[in-house]
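Commentary on secondary and tertiary structure
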Amino acid sequence: MAIECLVLGAGQEVGKSCVVVTIGGKRVMFDCGMHMGYHDDRHYPDFARALAAWGAPDFTTAISCVVITHFHMDHIGALPYFTEVCGYHGPIYMTYPTKALAPFMLEDYRKVTMGQRGEEKQYSYEDILRCMKKVTPMDLKQTVQVDKDLVIRAYYAGHVIGAAMIYAKVGDAAMVYTGDYNMTPDRHLGAAQIDRLKLDVLITESTYAKSIRDSKPAREREFLKAVHKCVSGGGKVLIPTFALGRAQELCMLLDDYWERMGLKVPIYFSAGLTIQANVYYKMLIGWTSQKIKDSHTVHNPFDFKHVCHFERSFINNPGPCVLFATPGMITGGFSLEAFKKWAPSEKNLVTLPGYCVSGTIGHKLMCGKPTRVDYEDTHIDVRCQIHQLAFSPHTDSKGIMDLTEFLSPKNVILVHGEKPQMAFLKERIESELGMPCYYPGNNESVSIPTTQNLKMSATERFITGCAVEQGKRSLHKRNLIYGTGLSEEIGSDEAAGEGVLLMQKHKSPKILCEDELLEVLGMGRHLVQFEPMVSRIVAAVESELQRAKAADLDNDGK
Amino acid sequence: MKLTCLSAAAGGGGGYHSPASHLLELEGVRFLLDCPIDLSALAAFAPVPLAGDAGGLIRAVPRYWLPAAVKEGGVDAVLVSSATGMLGLPFLTGLPGFTNTKVYVTEVAARIGKPMMEELVEMHREFVRYYGPDTDASPKWMEGEELNELMSMSQKAVIEGRENDLTSLVPLYSPGNVEECMHKVQSVKYGEEVCFNGIFMLKASSSGLELGNSTWTIQSPRASITYLPSSVFVSAHALDFDYSSLKENDVILFSDFSSLNDTDEDNEKLNEHSMDETDSSLCRYSVFRDDGADADERVPFVCNNDDITEEIERISFICSCIFGAVKSGGSVLIPIGRLGVILLLLELISEMLHSSSLKVPIFVISETAEEIFAFTNTLPEWLCKSRQEKLFAGEALFGHVELLKEGKLFLFPHLHSKGLLAAWKEPCIVLCPHWSLRLGPAVHLLRRWHADKRCLLVVEQGNGAELSLKPFMPLAIQVLECSFLSGVRAGKIDPLLGVLKPKFVMV
Ligand SMILES: [Zn+2]
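What counts as what
- Residues numbered from 1 in each chain as written.
- Chains lettered and ligands numbered in written order.
- Predicted model: local features only at pLDDT ≥ 70, side-chain atom pairs only at ≥ 80, totals over all residues.
- Heavy atoms only, no water.
- Buried < 20%, exposed > 50% of the residue type's maximum accessible area, 1.4 Å probe, protein only.
- Helix = DSSP H or I, 4+ residues; strand = E, 2+ residues; numbered from the N terminus.
- Arc of directions from axis to C-beta.
- Contact = heavy atoms within 4.5 Å.
- Pairing = 2+ DSSP bridges.
- Axes fitted to C-alpha atoms, helices over the stretch in contact; angles between N-to-C directions.
- Salt bridge = Lys/Arg side-chain N within 4 Å of Asp/Glu carboxyl O.
- Buried area = accessible area lost by both parts, 1.4 Å probe.
- Polar contact = N/O pair within 3.5 Å; in protein donor to acceptor, adjacent residues only side chain to side chain.
- Nonpolar A, V, L, I, M, F, W, Y, C, P; charged D, E, K, R; others polar.
- Phe/Tyr/Trp six-rings, centres within 6.5 Å; stacked < 30°, edge-to-face > 60°.
- Lys NZ or Arg CZ within 6 Å of the ring centre and 35° of its normal.
- Donors = N, O, S within 2.8 Å, 3.2 Å for Na, K, Ca; no water.
- Tetrahedral: all angles 85-135°; square planar, octahedral: opposite > 155°, others 65-115°.
- pLDDT = per-residue confidence, 0-100.

1. Overview of helix H1 (residues 47–54) of chain A
Residue and element names in this part refer to chain A. Taken together, the buried positions of H1 are Phe47, Ala50, Leu51 and Trp54. Along the axis of H1, the buried positions cluster into a sector of 100°, meaning they face one direction only. Facing away from the buried side of H1 by over 90 degrees, the exposed positions are Ala48, Ala52 and Ala53. Buried residues in H1 make contact with strand S1 (3–9), strand S2 (18–23), strand S3 (26–30), helix H2 (59–62) and helix H4 (79–85). Positive backbone phi, approximately 65°, marks glycine 55, located one or two places after H1.

2. Some thoughts on the sheet that holds strand S12 (residues 224–229) of chain B
All names here are of chain B. The sheet built from six strands is open, its strands ordered S9-S10-S11-S12-S13-S20 with mixed pairing. With partners counted over all chains shown, the strands left at the sheet margins are strand S9 (193–196) and strand S20 (504–506), one partner each. The average angle at which neighbouring strand axes cross in this sheet is 20°, direction not considered. Bridging between strand S10 (residues 200–206) and strand S11 (residues 214–219) involves six bridges; their strand directions are antiparallel.

3. Overview of the pattern of salt bridges
Applying the stated criterion across every chain yields a total of 34 salt bridges over all chains. Of the charged contacts, one joins Lys189(B) and Asp139(A) as a salt bridge, the two residues approaching to 3.5 Å between their closest N and O atoms. With Lys189(B) in the loop between strand S8 (185–188) and S9 and Asp139(A) in the loop between strand S6 (135–138) and strand S7 (143–145), this residue pair bridges two chains. Among the residues examined, Lys189(B) registers a relative accessible area of 11% and is labelled buried. Where Lys189(B) meets Glu107(B), a salt bridge forms, and the shortest distance between an N and an O atom there is 3.6 Å. With Lys189(B) in the loop between S8 and S9 and Glu107(B) in helix H2 (residues 107–131), this pair connects stretches of sequence that are 82 residues apart.

4. Quick look at the interface of chain A and chain B
Counting residues at the interface gives 26 residues for chain A and 30 residues for chain B. For the pairing of chain A and chain B, the buried interface totals around 2300 Å² over both sides, and the portion due to carbon and sulfur atoms is 55%. Counting across the chain A and chain B interface gives three salt bridges. Across the chain A-chain B interface, the total number found is five residue pairs in polar contact (both at pLDDT 80 or more). Where the side of chain A that touches chain B is concerned, the elements lending two or more residues are helix H5 (96–113) and helix H9 (273–283) of chain A. With five residues, the single largest contributor to the side of chain A that touches chain B is H9(A). Residues of the side of chain A that touches chain B, tallied by class, amount to eleven nonpolar, eight polar and seven charged.

5. A few points about the packing of aromatic side chains
With the rule as written, the count across this model stands at 29 aromatic pairs over all chains. Residues Phe91(B) and Tyr173(B) carry aromatic rings whose centres are separated by 4.9 Å and whose planes lie at 70° to one another, so their mutual orientation is edge-to-face. Of this pair, Phe91(B) sits in helix H1 (residues 89–92) while Tyr173(B) sits in the loop between strand S7 (169–170) and helix H4 (175–183), placing them 82 residues apart in sequence. With relative accessibility at 11%, the residue Phe91(B) sits in the buried group. Three or more aromatic residues joined by ring pairs form one cluster here, namely Tyr44(A), Phe47(A), Phe59(A), Tyr81(A), Phe82(A) and Tyr88(A). The residue whose ring lies beneath Arg111(B) is Phe375(B), and the NZ or CZ to ring-centre distance is 4.4 Å.

6. Examining the coordination of the zinc ion
All names here are of chain A. Every protein donor of the zinc ion is listed here as His70 (NE2), His72 (ND1), His159 (NE2) and Asp180 (OD), and their distances to the metal cover 2.1 to 2.3 Å. Coordination geometry of the zinc ion: the four donor atoms subtend angles of 93 to 168° at the metal centre, consistent with an arrangement described as irregular. All donors to the zinc ion come from one chain, and their sequence spacing reads H-x1-H-x86-H-x20-D. You can see histidine 159 sitting in the loop between strand S8 (150–156) and strand S9 (164–170) and its partner aspartate 180 sitting in the loop between strand S10 (173–177) and strand S11 (201–205), a full 21 residues away along the chain. In this pair, the class of histidine 159 matches that of aspartate 180, namely buried.

7. Some thoughts on the confidence of the model for chain B
Note: predicted coordinates in regions of low pLDDT should not be interpreted at a detailed level. Residues and elements named next belong to chain B. Considering every residue of chain B, the mean pLDDT works out to 81; 82% of them sit at 70 or more. Every residue in residues 155–164 scores below 50 in pLDDT, and together they form twelve contacts with partners more than four places removed in sequence or on other chains. Low pLDDT (under 50) marks residues 261–298, which in the prediction has 50 contacts with non-local residues, meaning those over four places away or in another chain. The ipTM value of the predicted complex is 0.84, and its pTM value is 0.81.

8. Concerning the pairing of S10(B)
Residue and element names in this part refer to chain B. With six of its seven residues buried, S10 lies for the most part within the structure. As paired strands, S9 and S10 are joined by four bridges and run antiparallel to one another. Paired with phenylalanine 196 across the two strands is phenylalanine 200, which belongs to S10. Once S9 ends, the chain turns through three residues before running back antiparallel as S10, passing asparagine 197 with a positive phi of about 65°.

Structure below.
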């Protein structure tokens, strides 16, 4: 049976991640994100079109479960819309931190976009709460039985707190959807970790499909130097981020630097979210890096010493400061307000952490420094410095290649990246790793054939025969397996067992010895002698056996 | 398949402190199921510093019963179901038969078990400081009269068949042994499937009794086996008993003996289910599995909330006794070793004090308190549903976080810790180790308060109060003996087995 991967979002683009995979008759939706660069129909994945294609009466019947990888808006932003407006009522899974923190991200963003043009499909605060109530939280490595056949499991992904890579399995068909991940540890999170799994397909993000980032400490120093230079010149530093994740990592970095350098310049957080976030981060410390986990009883790294109380009016104050403002990418809200105020002065600095999707001011600043930005009806003169953070919580292309090689899936699908870079990475994966690789666009799907394993029993004589054979060859090997039901290990090493696979109608397939076949068939042994010149001895013996077989039997030599 | 019982659940608390230990041989692989420490010999030793005649107890550095698993030679793996179920392991892990042994335990039980071992070693050190180190040769008391006295006094303490085997009484393990033991630990999460030896799949699921406690599923090529230690269906702190993950396993090793303390009538019910099972072929079906809907009807019965309501009522009753004592000007000493009970008690006591506007400080004096309390606020995945909701609402998981912030609760590692005197004010409420009343700050505080009839001592039933209080005579302090929920009620075993539908049950 084939695995069908329908990319509803983040196909050849970054934003609104959403992939629906049909695996072993089950339909699983991975992520349900929104695109922050659009305020029209392209804002959400095209659910209606997919439903029509599936020919299902509603989403709950069409989809077995929804799994969310992490709390970023481009991975979860459409979920309240999908459950409360589209009416999906089936199971939803995400990790504990994601379930705890997602409502804040959703509500923060909802407030920002409220009243923006073309947002008629907006959900309410109550919708967010109702939606989150339906979520089943899961722990890492925990095997979750969604239904009789479908099993999912989360693995640590780094990236942001609670981020997970998802393994899904139905029968013999298995796959991994990575979400966003980071293969190198950062200030507060560990690196992605996954078991070596047998996979038919790996769906991986490819944000940095082409770039290789160099050492992190060097990049961190670069960032600190830029910030320090700006504040010592009396300038203001604006860091537009989302409330959770990046903000904590960068603030740990700054707080530590301030301490070492004895700096007195205030660090602000625009929303009251830091304090709230700290309560969460303290409880979720088990999801941070090992270093923090080991030391948190002594000092909680999320108790920032240099972060000061902030009020909105402070953006008009004179003197230097550092401000973390939401939302990231400068799509509106307070980060836009501060940007309007501060961008015209060349003393100031805007630091862009992480990726900015196209259509946002952040994206415009990222692609070469403009002198003027038009936003809705206002024109903003941009004279300030722009610094782009060269470290990101996404893996680089080396990380993607490493993970792909480690997992060695039969097929690879790239999502969450930019088309030209994805094409480049596809070439590399196919040529260097020899795996078929695809990067479908939105609303396109890829069909992957799967192998099917047959469970078969073996006769005692066959197994004993193999075991003796194998025992001879590898005396050091312990724990040979006897019994029925598990024969994968037998003969899988150096020694191949010889026997006959018997497949009868209405009976499960069975492996037996050649002699036993005759007994089963109730036939005597026929001996066929060949001239030495005949090269197809094996085939001939087989045809002989075939002749000796009852009409409703199939057989095959192994 | 062969199962050997190494030790039955011992001591009080329905086996909470010393759960049963078994050896399971399966497909040529030896599994040790839990390895608790047997502290029953401790009761025969006088606590230090000595005061008065010590009630005729042995005055020497105490010795401890070596886990019976030692005699069984090596094992390939140890499956641990609780923090208390691993306290005996440091005795073994240095032995030759355990060089390649892997210890499987949940992350949380391991994180709690390690400080428990360290604290035990630390408290024991007080004896060594007093008497000087215990040498390996058998000490004088082992030969003399005193030993017989020990036997007669602590009949409960000395288990049959052990009388003549004094070689099993050994000095406590060292910090080095603890480290060695922890090196062998492979910690897992609930629901995580780990492969052992290429042919076994091991999986821990929550048992509901305590933070991090688990049942185990052992899947071998020929059979699936459930190791079922004491379990609680609905808990007020730990994640509920995940019995559904144990459904349809072939064999259940039922090791929950907490209900043996219940009425005889209940015990008979239990016996009806015990089927003889020694080396019998697992391929034979002896119990017909009915795939009926009736099994599902039993679910609401087993997991209704009575147990937890009763438990809260019990703890509320203790709180009202505590409240009575402090109101009359007496202090309260609570040497109870159950983390879950301590956490609940703290919440209920503070609630009661708050509503009465009585200002009485609460102290927790334990070397591990700070670490364990901080830890309990960081494990939402391991808690009951109502506590998980606290995470999603952005509130601290346990009440102690707020109490510490408000300065109503104080944590000190020792009685002589810096700052304790400044904060100390009587009457007060003190939670501290050790429930044996032979180790830790409890000894000193009981000495201080034993003659004050306004004071209150809260101990757990079944720990042999008479013997344990002996060195503190004469007593005027009020003593409240209480019991806590420690496992599946006998009345619920029947429906539980009905839901799990095993082919065999081994008790
Ligand atoms: Zn992300």
